[in-house]
Amino acid sequence: MTNDVRNILLAGVGGQGILLASELLAEVLLLAGYDVKKSEIHGMSQRGGSVTSHVRYGSNVLSPLIKQGDADILFGFELLETYRYLPMLRRGGDVFANNQSILPAPVAIGTAEYPHEIQNKIRHACPDTHFVDGLTLACQSGHPRTVNMVLLGALSTALNIPHTLWNETITEKVPQQLLQENQFAFQLGRNSQAMTPETI
Amino acid sequence: MAKRLMSGNAAIARGAYEAGVKVASAYPGTPSTEILENLINYLAVDASWAPNEKVALEVGIGASFGGVRALVTMKHVGVNVAADPLFTLSYIGVRGGLVLACADDPEMHSSQNEQDSRNYAKFAKVPMFEPADSEEARAFTRLAFDVSEQFDTPVMLRSNTRISHGKSIVNPQEPVAELPQAGLVRDPAKMVMLPANARNRHPLVEQRIVDLEAWACEQPFNRVETGSGKVGVITAGIAYQYARQALPQAHILKLGMVYPLPKQLILDFAARCDTLYVIEELDPFIEEQIRAMGIRVIGKELIPICGELTPERLETALFGTKPDAAVIHSESLPGRPPNMCAGCSHRGVFLTLKRLGAYVTGDIGCYTLGFLPPLSAMDTCVCMGAGISNATGLIKAVPEQERHKVVGVMGDSTFLHTGINSLIDMIYNGGRGTVILLDNRITAMTGRQENPGSGYTLAGIESPPIDLQALCRVLGVKHVQMIDPYDLTQTEQVVQQEMARPELSVVIAKRPCILDRRHGPEPAPPLKVIEEQCSACKICMKLGCPALTWQQEHNTPKAHIDPQLCSGCKLCQQLCKFTAIEVHND
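Thresholds applied
- Residues numbered from 1 in each chain as written.
- Chains lettered and ligands numbered in written order.
- Predicted model: local features only at pLDDT ≥ 70, side-chain atom pairs only at ≥ 80, totals over all residues.
- Heavy atoms only, no water.
- Helix = DSSP H or I, 4+ residues; strand = E, 2+ residues; numbered from the N terminus.
- Rg over C-alpha atoms; globule rule 2.2 N^0.38 Å.
- Buried < 20%, exposed > 50% of the residue type's maximum accessible area, 1.4 Å probe, protein only.
- Contact = heavy atoms within 4.5 Å.
- Areas by Shrake-Rupley, 256 points an atom, 1.4 Å probe, with all protein chains shown as cover.
- Pairing = 2+ DSSP bridges.
- Axes fitted to C-alpha atoms, helices over the stretch in contact; angles between N-to-C directions.
- Core = buried A, V, L, I, M, F, W, Y, C linked by side-chain atoms within 4.5 Å.
- Domains from an automatic or database assignment.
- Phe/Tyr/Trp six-rings, centres within 6.5 Å; stacked < 30°, edge-to-face > 60°.
- Right-handed = clockwise from strand over helix to strand, strands pointing away.
- Buried area = accessible area lost by both parts, 1.4 Å probe.
- Polar contact = N/O pair within 3.5 Å; in protein donor to acceptor, adjacent residues only side chain to side chain.

(A) Quick peek at the overall build of chain A. Helix and strand counts for chain A come out as eight helices and six strands. Along its sequence from the N terminus, chain A presents helices and strands in the succession β-α-β-β-β-α-β-α-α-β-α-α-α-α. Here the C-alpha atoms of chain A give a radius of gyration of 16 Å, agreeing with the 16 Å that 2.2 N^0.38 yields for 200 residues. In chain A, which comprises 200 residues, the proportion classed as buried is 60%. Counting contacts in chain A only where the partners sit at least 6 residues apart, residues at least 24 apart contribute 63% of the total. Summed over all atoms, the accessible surface of chain A reaches about 7,900 Å², with 49% contributed by carbon and sulfur.

If you want it as structure tokens, here you go:
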């Protein structure tokens, strides 16, 4: 058995559309011919709490959970959550981070502080971090709720999956009445990253 | 059929459909809820929410008596509620196959304990399957119905959070073609469990376990994966995936049925190994039985007994290694605990209880989050329905001058689950407590499932909603008050008055869950803070509303309302003494 399994950890805040994003990611990987597993927590933690989703793919995936220090890509939807889960990243791993802060309750009520200069801290740990202006681009696409699709579009540039498969998956999984702005949001996210010829 | 990516819960539903299940019943509970939510999409199945797990199992048993296959699902703690019928059903056996799928929650992601359901299989003397991924969840569920009928026994299927809420590839199969006819059959020696009949059934139960054990030695769901060397592992369920990954060279005996254990298969496997590990999550359930066979194994002296088994925890236990991460934080980061939603109808009640200095006995639901700061207004939480009965006992115990402070709180779904009995006890035995029913018209915490008070069934068909006010009155509560928890003045006035009353009273705080589209209020415009008028008194921050933040980085910090999150409930506006909060009309 070859150990060709790759690990993507999604991290953010309940309500950001992380579960839909990881759903689309897992489906497109299946379509691309990989064995895929994903794991996440529903229920209590979703009420505005910290949310993660583990996506693993390769020729034969065993554990649905990514080991600490083993994520090839940390895909962060919020800056504090991206920073919090940096220890999950392997040495030399990639970070995609949404440039958005959502204050957790202890910070919102003034009993704790949001880490200062958090982008610099993330960049210090991972100099090649891809920061994405998710909310700005989502608003450009016509709906602030499409942040997850913008981010997925950005992430797609790091995965060697044909654009047609992404299109097919999004068309199948996103409700018809929201399809257009979601496709547009995905494209805006994809365009926001420097493209290499083979991924276009 | 094309392979598909499915959650374990969707796969259990698929397996049940393939097995020709006709009746399914459940009470929602994380991580089991989505099994029935998936099953309702198969039109041949009559799937419904029961008010609690005991009722759900009894509905399933009735369907089995009628000759059809029945699936009953619940979370681990739900089995405690359903245990009474389960143990006697073990003596009765089945007509149509009956499977009880329960989902454990190691690590307590969304639970109050992490009990190991495998103990129930041994305790009730029924076989139990444990899948290791979604495909096994489908296949084992389907197989479990055959085993149920072949051995005349209910069968348990144990999932957990990682199986139920994880997704992996499934190969769906065609459903079974033919099933026996349903109809009334009288068989009192089997189906009427009074002492004379039950005494005859018990030896059959013991023989059944012996038969199953021998049979399970020959079945492909208990399989040996031959490795190299002399290290062996016996494992099952999700732990198999972690063990296979951590010890790629080891021989592995992967158990699909975790009770009864295939003794001869285990003895033969153990004879091939010099070092034998038992790798299992939570209790040493397999380990203790193997030790009782006289086999030396390494188990819980290395593998943690508490919490979820994760790949890094297993590797740390086996090899003493620490994960090699690129980054290790030295600073402590602010936590992000879950919170009631902006516009949650529970918030005003908990703020009031805090202001009145109430001692609050609560239980299980979104309202358990009333425990968290800044509301910090829940003092006890044990199990579904305990909010009222804990108040009854507490009032009996404490001195007279403290009794009026005790308030039992409970959601509508929890009240209909087991709270009614608690209220009956309080009425019957002259209890003097104050009970607040938080009626948000839905079973909210598990993802907004319908319940007998919501007016709809799982299938979305209208049904007569239970009238909680009329129910409390007819049970014998003299003082039943209705309040709107969005009206803080009324809420405080009524709760204060009822706490002071030296008699039992029930206050029903009725307001639909903000996320519930069917019963929910029309969207209201968001509010905003007029900064010039904000005196920075922070009274609004006591609500702990996620839409309200304290702009502490400003030179003169003020409250701020996020218009994206604000639901326009106006609780903060009512609290503000400086009229600094108004409707955002931009």
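That shown, we press on.
(B) Local environment of the sheet that holds strand 16 (residues 406-411) of chain B. Residue and element names in this part refer to chain B. An order of 15-14-16-17-19-18 is seen for the six strands of this open sheet, with the pairing classed as parallel. At either end of the open sheet lies a strand with only one pairing partner, and these are strand 15 (380-381) and strand 18 (479-483). Bridging between strand 14 (residues 359-362) and strand 16 involves three bridges; their strand directions are parallel. Residue Y359 lies in a different strand from strand 16, and its bridge partner there is V406. The sheet strands contacting helix 17 (residues 412-428) are strand 16, strand 17 (434-439) and strand 19 (505-510), and the helix crosses strand 16 at an angle near 145°. Along the sheet, helix 18 (residues 468-475) contacts strand 17, strand 18 and strand 19; its crossing angle with strand 18, the most-contacted strand, is approximately 170°.

(C) View of the nonpolar core. All names here are of chain B. Within the largest apolar cluster, 84 residues are counted, with the highest numbers of intra-cluster contacts made by L71, M156, I234 and I286. Counting residues domain by domain, this core receives three or more from each of domain 1 (4-216) and domain 2 (223-319). In this view, I286 contacts R118, I234, A236, L255, V258, L261, V278 and E280; residues no more than four positions away in its chain are not counted. If you look at the next biggest cluster of nonpolar residues, it comprises 73 residues, including V360, I420, V494 and A547.

(D) Just the packing of aromatic side chains, in detail. All names here are of chain B. All chains considered together, the criterion is met by 12 aromatic pairs over all chains. Each ring, one from F87 and one from F123, has its centre 4.6 Å from the other, and the planes form 80°; the classification is edge-to-face. With a gap of 36 residues between them, F87 in helix 4 (residues 76-92) and F123 in helix 5 (residues 118-124) connect regions that are remote in the sequence. With a relative accessible area of 59%, F123 lands in the exposed category. On the basis of an interplanar angle of 75° and a centroid distance of 6.5 Å, the ring pair of F140 and F221 is categorised as edge-to-face. Here F221 lies in the loop between helix 9 (195-216) and strand 9 (223-225) and F140 lies in helix 6 (residues 134-150), a separation of 81 residues in the sequence. Accessibility classification places F140 together with F221 in one group, the buried group.

(E) The pairing of strand 16 of chain B, seen in detail. Residue and element names in this part refer to chain B. In terms of residue burial, strand 16 counts as a mostly covered element, since six of its six residues are buried. Alternating residues of strand 16 divide into V406, G408 and M410 and V407, V409 and G411, and every residue in both groups is buried. In this structure, strand 16 lies alongside strand 17, joined through five bridges in parallel fashion. Along strand 17, the bridge assignment pairs G411 with L438. For the crossover that starts at strand 16, traverses helix 17 and ends in the parallel strand 17, the hand is right-handed.

(F) Layout of the pairing of strand 8 (residues 166-170) of chain B. Among the five residues in strand 8 of chain B, five count as buried, and that is most of the element. Pairing geometry for strand 2 (residues 35-40) of chain A and strand 8 of chain B, over two bridges, is antiparallel. Bridge pairing links S39 of chain A to G166 of chain B in strand 8 of chain B. Relative to strand 8 of chain B, strand 1 (residues 4-7) of chain B runs antiparallel, the two being bridged by four bridges. The partner of L5 of chain B across the bridge, within strand 8 of chain B, is I169 of chain B.

(G) Structural view of unusual backbone geometry. Residues and elements named next belong to chain B. The omega angle of the peptide bond from T30 to P31 is 10°, so this bond is cis rather than trans. Checked against the element boundaries, P31 lands in the loop between strand 2 (23-26) and helix 2 (34-39). A cis amide bond, omega -10°, links Y259 with the succeeding residue P260. As for its position among the elements, P260 is in the loop between strand 12 (257-259) and helix 11 (263-271). If you check the backbone angles, E107 has positive phi at about 85° while not being a glycine. One can find E107 in the loop between strand 5 (98-104) and helix 5. A positive phi angle, near 70°, is found at R441, a position not held by glycine. Owing to a relative accessible area of 13%, R441 belongs among the buried residues under this scheme.

(H) Structural detail: the interface of chain A and chain B. In this complex, chain A contributes 56 residues to the contact, which on the side of chain B involves 55 residues. A combined buried area of about 4,800 Å² lies between chain A and chain B, and 59% of that area is made up of carbon and sulfur atoms. Counting across the chain A and chain B interface gives 21 residue pairs in polar contact (both at pLDDT 80 or more). With six residues, the single largest contributor to the side of chain A that touches chain B is strand 2 of chain A.

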